[in-house]
Amino acid sequence: MALAFLGLSIFLFLTLDLDGASFSPASASSSSSSSSGSALEITYGSVIKLMHERTKYRLHSHDVPYGSGSGQQSVTGFPNVDDANSYWIVRPQLGVNAKQGDTIESGTIIRLQHMKTRKWLHSHLHASPISSNLEISCFGGENESDTGDYWRLMIEGSGKTWKQDQRIRLQHVDTQGYLHSHDKKYQRIAGGQQEVCGVREKRADNVWLAAEGVYLPVTASK
(Lines give C-alpha, C1' and ligand atoms only; values in the text may rest on other atoms or scores of the structure.)
Protein backbone atom coordinates (compact mmCIF):
# COMPACT_ATOMS: atom_id res chain seq x y z
CA MET A 1 0.00 0.00 0.00
CA ALA A 2 2.84 2.41 0.80
CA LEU A 3 4.34 1.82 -2.66
CA ALA A 4 0.97 2.53 -4.25
CA PHE A 5 0.76 5.91 -2.51
CA LEU A 6 4.36 6.72 -3.45
CA GLY A 7 3.50 6.02 -7.08
CA LEU A 8 0.40 8.19 -6.84
CA SER A 9 2.43 11.02 -5.33
CA ILE A 10 4.94 10.86 -8.19
CA PHE A 11 2.06 10.90 -10.68
CA LEU A 12 0.66 14.04 -9.07
CA PHE A 13 4.03 15.75 -9.04
CA LEU A 14 4.49 15.08 -12.75
CA THR A 15 0.98 15.78 -14.04
CA LEU A 16 -0.89 18.22 -11.82
CA ASP A 17 -0.40 21.98 -11.62
CA LEU A 18 0.31 22.32 -7.93
CA ASP A 19 1.06 26.06 -7.95
CA GLY A 20 4.26 25.39 -6.01
CA ALA A 21 2.48 23.59 -3.16
CA SER A 22 4.01 20.59 -1.48
CA PHE A 23 1.92 17.56 -0.53
CA SER A 24 2.14 14.23 1.25
CA PRO A 25 0.02 11.07 1.05
CA ALA A 26 -2.64 10.47 3.66
CA SER A 27 -2.77 7.15 5.47
CA ALA A 28 -4.74 4.43 3.69
CA SER A 29 -6.85 3.93 6.79
CA SER A 30 -10.41 5.20 6.47
CA SER A 31 -10.04 6.67 9.96
CA SER A 32 -6.72 8.42 9.36
CA SER A 33 -6.23 12.01 10.48
CA SER A 34 -3.53 14.61 10.48
CA SER A 35 -0.73 14.70 13.03
CA SER A 36 -2.54 17.49 14.88
CA GLY A 37 -5.45 15.15 15.52
CA SER A 38 -7.89 17.05 13.30
CA ALA A 39 -9.46 15.56 10.18
CA LEU A 40 -7.74 16.16 6.85
CA GLU A 41 -9.36 18.77 4.60
CA ILE A 42 -10.34 17.84 1.07
CA THR A 43 -9.02 20.64 -1.15
CA TYR A 44 -9.08 21.28 -4.89
CA GLY A 45 -6.45 19.12 -6.57
CA SER A 46 -6.66 16.36 -3.97
CA VAL A 47 -6.93 12.82 -5.34
CA ILE A 48 -9.34 10.69 -3.34
CA LYS A 49 -11.38 7.54 -3.24
CA LEU A 50 -15.05 7.91 -2.37
CA MET A 51 -16.39 5.09 -0.19
CA HIS A 52 -20.08 4.21 -0.15
CA GLU A 53 -20.94 4.33 3.54
CA ARG A 54 -23.19 1.28 3.83
CA THR A 55 -21.50 -1.20 1.47
CA LYS A 56 -17.90 0.11 1.75
CA TYR A 57 -17.49 -0.15 -2.04
CA ARG A 58 -15.39 2.54 -3.75
CA LEU A 59 -16.64 4.75 -6.59
CA HIS A 60 -14.93 3.32 -9.65
CA SER A 61 -14.64 3.67 -13.40
CA HIS A 62 -12.75 1.99 -16.23
CA ASP A 63 -12.53 2.19 -20.01
CA VAL A 64 -15.59 -0.04 -20.51
CA PRO A 65 -18.72 1.51 -22.06
CA TYR A 66 -22.27 0.79 -21.00
CA GLY A 67 -24.05 -1.65 -23.30
CA SER A 68 -27.24 0.37 -22.97
CA GLY A 69 -28.34 3.94 -22.27
CA SER A 70 -25.75 6.53 -23.26
CA GLY A 71 -23.01 4.04 -24.19
CA GLN A 72 -20.57 6.25 -22.27
CA GLN A 73 -17.82 5.01 -19.94
CA SER A 74 -19.34 3.01 -17.09
CA VAL A 75 -19.16 3.87 -13.38
CA THR A 76 -19.53 1.19 -10.71
CA GLY A 77 -18.87 0.40 -7.07
CA PHE A 78 -15.71 -1.66 -6.58
CA PRO A 79 -15.14 -3.94 -3.57
CA ASN A 80 -11.34 -3.82 -3.25
CA VAL A 81 -9.48 -0.93 -1.65
CA ASP A 82 -6.24 -1.15 -3.66
CA ASP A 83 -7.45 -0.42 -7.20
CA ALA A 84 -6.03 2.49 -9.20
CA ASN A 85 -9.29 2.93 -11.15
CA SER A 86 -11.03 4.26 -8.05
CA TYR A 87 -9.07 7.54 -7.76
CA TRP A 88 -10.80 10.85 -8.52
CA ILE A 89 -9.32 14.36 -8.72
CA VAL A 90 -11.40 17.04 -7.02
CA ARG A 91 -11.88 20.02 -9.36
CA PRO A 92 -13.91 23.26 -9.18
CA GLN A 93 -16.72 24.02 -11.58
CA LEU A 94 -15.81 25.96 -14.70
CA GLY A 95 -15.43 29.72 -14.51
CA VAL A 96 -14.97 30.17 -10.75
CA ASN A 97 -12.07 31.77 -8.91
CA ALA A 98 -10.76 28.66 -7.14
CA LYS A 99 -7.24 27.30 -6.94
CA GLN A 100 -5.38 24.19 -5.86
CA GLY A 101 -5.40 23.85 -2.10
CA ASP A 102 -8.60 25.82 -1.48
CA THR A 103 -11.00 24.25 1.00
CA ILE A 104 -14.51 23.32 -0.16
CA GLU A 105 -17.63 24.41 1.71
CA SER A 106 -20.94 22.58 1.89
CA GLY A 107 -23.17 23.70 -0.97
CA THR A 108 -20.26 24.19 -3.38
CA ILE A 109 -20.53 22.82 -6.92
CA ILE A 110 -17.57 20.58 -7.76
CA ARG A 111 -16.43 18.21 -10.50
CA LEU A 112 -14.74 14.83 -10.07
CA GLN A 113 -12.24 13.80 -12.73
CA HIS A 114 -11.37 10.12 -13.08
CA MET A 115 -7.61 10.03 -12.63
CA LYS A 116 -6.80 7.26 -15.09
CA THR A 117 -9.09 8.07 -18.03
CA ARG A 118 -9.32 11.86 -17.36
CA LYS A 119 -13.09 11.83 -17.92
CA TRP A 120 -15.62 13.51 -15.63
CA LEU A 121 -18.20 11.97 -13.32
CA HIS A 122 -21.38 12.71 -15.24
CA SER A 123 -25.12 12.13 -15.21
CA HIS A 124 -28.16 12.70 -17.42
CA LEU A 125 -31.65 11.30 -18.01
CA HIS A 126 -30.61 7.93 -19.48
CA ALA A 127 -31.75 4.97 -17.37
CA SER A 128 -29.19 3.06 -15.32
CA PRO A 129 -28.65 -0.55 -16.50
CA ILE A 130 -29.95 -2.52 -13.51
CA SER A 131 -32.40 -0.40 -11.52
CA SER A 132 -33.52 2.03 -14.27
CA ASN A 133 -32.68 5.01 -12.07
CA LEU A 134 -30.56 7.86 -13.48
CA GLU A 135 -27.42 6.64 -15.25
CA ILE A 136 -24.03 7.73 -13.88
CA SER A 137 -21.21 7.72 -16.42
CA CYS A 138 -17.82 9.22 -17.18
CA PHE A 139 -17.71 11.63 -20.10
CA GLY A 140 -15.60 14.31 -21.77
CA GLY A 141 -11.93 14.97 -21.12
CA GLU A 142 -9.36 17.59 -20.11
CA ASN A 143 -10.84 20.23 -22.42
CA GLU A 144 -14.39 18.90 -22.64
CA SER A 145 -16.68 19.46 -19.67
CA ASP A 146 -20.20 20.79 -19.20
CA THR A 147 -22.90 21.17 -16.55
CA GLY A 148 -23.59 17.43 -16.73
CA ASP A 149 -20.35 17.12 -14.71
CA TYR A 150 -21.54 19.42 -11.90
CA TRP A 151 -22.21 17.99 -8.43
CA ARG A 152 -23.31 19.94 -5.36
CA LEU A 153 -21.46 18.91 -2.18
CA MET A 154 -23.84 18.45 0.74
CA ILE A 155 -22.17 17.79 4.10
CA GLU A 156 -24.20 15.79 6.60
CA GLY A 157 -24.06 17.21 10.12
CA SER A 158 -22.54 20.42 11.40
CA GLY A 159 -19.32 20.64 9.36
CA LYS A 160 -18.84 23.62 7.07
CA THR A 161 -15.90 22.42 4.95
CA TRP A 162 -15.30 18.98 3.47
CA LYS A 163 -13.04 16.68 5.48
CA GLN A 164 -11.89 13.08 5.24
CA ASP A 165 -14.30 10.52 6.74
CA GLN A 166 -17.10 13.11 6.79
CA ARG A 167 -20.53 11.92 5.66
CA ILE A 168 -21.55 13.68 2.46
CA ARG A 169 -24.04 13.55 -0.36
CA LEU A 170 -23.36 14.63 -3.95
CA GLN A 171 -26.39 16.00 -5.81
CA HIS A 172 -26.23 16.27 -9.58
CA VAL A 173 -27.05 19.84 -10.59
CA ASP A 174 -28.86 19.14 -13.88
CA THR A 175 -30.99 16.15 -12.83
CA GLN A 176 -31.16 16.75 -9.04
CA GLY A 177 -30.27 13.07 -8.55
CA TYR A 178 -28.10 12.03 -5.61
CA LEU A 179 -25.07 9.84 -6.25
CA HIS A 180 -26.31 6.45 -5.07
CA SER A 181 -25.30 2.82 -4.85
CA HIS A 182 -26.81 -0.39 -3.51
CA ASP A 183 -26.37 -4.16 -3.38
CA LYS A 184 -27.49 -4.75 -6.98
CA LYS A 185 -24.48 -6.19 -8.81
CA TYR A 186 -23.43 -6.71 -12.40
CA GLN A 187 -23.08 -10.31 -13.56
CA ARG A 188 -21.00 -10.08 -16.72
CA ILE A 189 -18.69 -7.28 -17.93
CA ALA A 190 -18.23 -5.80 -14.46
CA GLY A 191 -19.05 -8.99 -12.59
CA GLY A 192 -19.16 -8.54 -8.81
CA GLN A 193 -19.16 -4.74 -9.04
CA GLN A 194 -22.29 -2.95 -7.90
CA GLU A 195 -24.41 -0.45 -9.70
CA VAL A 196 -23.90 3.27 -9.13
CA CYS A 197 -26.85 5.40 -10.20
CA GLY A 198 -28.71 8.60 -9.37
CA VAL A 199 -31.93 8.88 -7.37
CA ARG A 200 -33.86 12.06 -6.66
CA GLU A 201 -34.78 11.21 -3.07
CA LYS A 202 -32.52 11.42 -0.03
CA ARG A 203 -31.85 7.85 1.12
CA ALA A 204 -29.37 6.09 3.37
CA ASP A 205 -27.65 4.74 0.25
CA ASN A 206 -26.83 8.28 -0.97
CA VAL A 207 -24.10 8.76 1.66
CA TRP A 208 -20.37 8.66 0.82
CA LEU A 209 -17.08 9.38 2.61
CA ALA A 210 -13.67 10.47 1.34
CA ALA A 211 -11.31 7.62 2.22
CA GLU A 212 -7.85 6.85 0.78
CA GLY A 213 -6.00 9.44 -1.26
CA VAL A 214 -3.43 12.17 -1.56
CA TYR A 215 -4.73 15.29 0.15
CA LEU A 216 -3.17 18.59 -0.96
CA PRO A 217 -2.51 20.92 1.98
CA VAL A 218 -4.71 23.94 2.52
CA THR A 219 -3.36 27.00 0.72
CA ALA A 220 -2.47 29.74 3.18
CA SER A 221 -4.46 32.96 2.83
CA LYS A 222 -2.46 35.84 1.39
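Residues numbered from 1 in each chain as written. Predicted model: local features only at pLDDT ≥ 70, side-chain atom pairs only at ≥ 80, totals over all residues. Heavy atoms only, no water.

Asker: Report on the overall build of the protein, specifying residues and quantitative values.
Answerer: Within the protein, the secondary structure is distributed over 1 helix and 13 strands. Mapped from its N terminus to its C terminus, the protein presents α and β elements in the order α-β-β-β-β-β-β-β-β-β-β-β-β-β. Looking at the protein residue by residue over its 222 residues, the buried ones come to 51%. When contacts within the protein are restricted to residue pairs at least 6 apart in sequence, long-range pairs at least 24 apart make up 67% of them. By element, 51% of the accessible surface of the protein is carried by carbon and sulfur atoms, the whole surface being about 10,000 Å². (Helix = DSSP H or I, 4+ residues; strand = E, 2+ residues; numbered from the N terminus. Buried < 20%, exposed > 50% of the residue type's maximum accessible area, 1.4 Å probe, protein only. Contact = heavy atoms within 4.5 Å. Areas by Shrake-Rupley, 256 points an atom, 1.4 Å probe, with all protein chains shown as cover.)

Asker: Explain the pattern of salt bridges to me, using residue names and the numbers behind them.
Answerer: In the structure shown here, the tally under the stated rule is 9 salt bridges. Ionic pairing is found between Glu-212 and Arg-58, a salt bridge with its closest N-O pair at 2.5 Å. Of the two residues, Glu-212 sits in strand S13 (residues 208-215) while Arg-58 sits in strand S3 (residues 58-65), which places them 154 residues apart along the sequence. Look at Glu-212 and you get buried, because its relative accessible area is 2%. In this structure Arg-58 comes out as buried when scored by relative accessible area, which is 5%. Arg-203 serves as the salt-bridge partner of Glu-201, at 2.9 Å between the closest nitrogen and oxygen. Classification of Glu-201 as partly exposed rests on a relative accessible area of 43%. Counted as one network, the salt bridges with shared partners bring together Arg-54, Asp-183 and Asp-205. (Salt bridge = Lys/Arg side-chain N within 4 Å of Asp/Glu carboxyl O.)

Asker: Please give an account of the packing of aromatic side chains that cites residues and values.
Answerer: Here the structure, examined in full by the defined rule, presents 0 aromatic pairs. We note Arg-111 situated over the ring of Trp-120; from NZ or CZ to the ring centre the distance is 4.1 Å. (Phe/Tyr/Trp six-rings, centres within 6.5 Å; stacked < 30°, edge-to-face > 60°. Lys NZ or Arg CZ within 6 Å of the ring centre and 35° of its normal.)

Asker: Describe the environment of Thr-147, naming the residues involved and giving the relevant values.
Answerer: Mapped onto the elements of the fold, Thr-147 is located in the loop between strand S8 (134-139) and strand S9 (151-155). Separated by 27 residues in sequence, Thr-147 and Asp-174 have C-alpha atoms that sit 6.8 Å apart. In this structure Thr-147 touches His-172 and Asp-174, once residues within four positions along its chain are discounted.

Asker: How would you explain the side chain of Thr-76 if you had to name every residue and give the values?
Answerer: Its location among the elements puts Thr-76 in strand S4 (residues 73-78). Thr-76 sits in the buried class, given a relative accessible area of 1%. Sequence-distant contacts of Thr-76, that is, excluding residues within four places in its chain, are made with Arg-58, Leu-59, His-60, His-62, Tyr-186, Ala-190, Gln-193, Gln-194 and Val-196.

Asker: Which residues make up the pairing of S4, and what values go with them?
Answerer: The buried fraction of S4 is high, at 6 of 6 residues. With 5 bridges connecting them, S3 and S4 associate as antiparallel partners. Counterpart to His-60 in the pairing with S4 is Thr-76. Direction of pairing for S4 relative to S8: antiparallel, over a ladder of 2 bridges. Bridge assignment links Gln-73 to a residue of S8, and that residue is Cys-138. Of the strand pairs in this sheet, S4 and strand S12 (residues 194-199) are connected by 2 bridges, and their pairing is antiparallel. (Pairing = 2+ DSSP bridges.)

Asker: Let's hear about the environment of Ser-145: which residues, and what values?
Answerer: Note that Ser-145 resides in the loop between S8 and S9. With 52 residues separating them along the chain, Ser-145 and Gln-93 place their C-alpha atoms 9.3 Å apart. Apart from the residues within four sequence positions on either side, Ser-145 is in contact with Leu-94, Arg-111 and Trp-120. A polar side-chain atom of Ser-145 sits 3.0 Å from a polar atom in the side chain of Arg-111. Of the polar contacts made by the side chain of Ser-145, one reaches the side chain of Asp-149; its length is 2.6 Å. (Polar contact = N/O pair within 3.5 Å; in protein donor to acceptor, adjacent residues only side chain to side chain.)

Asker: Describe the side chain of Glu-195, listing the residues and the values that go with them.
Answerer: Mapped onto the elements of the fold, Glu-195 is located in strand S12. Among buried Asp, Glu, Lys and Arg side chains, Glu-195 stands out as unpaired, with Lys-184 the closest opposite charge at 6.1 Å. Non-local contacts of Glu-195, meaning those with residues more than four positions away in its chain, are made with Ser-128, Pro-129, Ile-130, Ser-131, His-180, Ser-181, His-182, Lys-184 and Tyr-186. (Lys, Arg positive; Asp, Glu negative; His and termini not counted.)

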